[in-house]
Amino acid sequence: MSTVNASATTGMRLKWFFDDVHELVVGLYCRWQDEKQYEDINDYAKPIVPIAEQHGLVFGRMSKHPFGFSFTLDGRQFKYTCTSKASRILEIK
């Protein structure tokens, strides 16, 4: 896993975070599809938060539709979404 690099651009840090968390989030998304009637969406944040913190991100909250979470990096708000077709990070304006 990567750690925070103060000289890196926000875009670079987002890419490193995405690379480190992508497989985990896809696995959580697949599990959520099977267990959403029984499990609390907020429990899905537990394995993501430590990775986010290693990258200097401030975790926001989980979302069900689409599956994902919000976070802040360098004073900017973003949302990570995962669907059956794609995973991506979008800036919230």
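Residues numbered from 1 in each chain as written. Predicted model: local features only at pLDDT ≥ 70, side-chain atom pairs only at ≥ 80, totals over all residues. Heavy atoms only, no water.

To continue, consider helix H1 (residues 10-35). Along H1, the helix axis deviates most sharply at Val21, where the bend reaches about 50 degrees. In this structure, the buried side of H1 is in contact with helix H2 (48-54), strand S2 (67-73), strand S3 (76-82) and strand S4 (87-91). (Bend = angle between axes of the 7 residues up to and from the residue. Helix = DSSP H or I, 4+ residues; strand = E, 2+ residues; numbered from the N terminus. Contact = heavy atoms within 4.5 Å.)

This paragraph deals with the sheet that holds S4. Strand pairing in a sheet is mediated by backbone hydrogen bonds. Such pairs are either parallel or antiparallel. Taken together, the four strands give an open sheet; going across it, the order is S1-S2-S3-S4, and neighbouring strands pair in antiparallel fashion. Both edges of this open sheet fall to strand S1 (58-63) and S4, since each of them pairs with a single strand only. Strand-to-strand twist in this sheet, taken as the mean axis angle between neighbours without regard to direction, amounts to 20 degrees. Bridging between S2 and S3 involves seven bridges; their strand directions are antiparallel. Each residue of the ladder has a partner; that of Phe71, found in S3, is Phe78. (Pairing = 2+ DSSP bridges. Axes fitted to C-alpha atoms, helices over the stretch in contact; angles between N-to-C directions.)

Let's shift gears to the pattern of salt bridges. Pairing is possible between side chains that carry opposite charge, provided their charged atoms lie close to one another. Tallying each qualifying case throughout the model produces five salt bridges. Between Arg13 and Asp74 there is a salt bridge, with the nearest N and O atoms lying 2.7 Å from each other. Note that Arg13 is positioned in helix H1 and Asp74 in the loop between S2 and S3, a separation of 61 residues in sequence. When its relative accessible area of 10% is taken as the criterion, Arg13 is described as buried. The class for Asp74 is partly exposed, based on a relative accessible area of 43%. Here Lys46 ties to Asp43 by a salt bridge, and the two come within 3.5 Å at their closest N and O atoms. (Salt bridge = Lys/Arg side-chain N within 4 Å of Asp/Glu carboxyl O. Buried < 20%, exposed > 50% of the residue type's maximum accessible area, 1.4 Å probe, protein only.)

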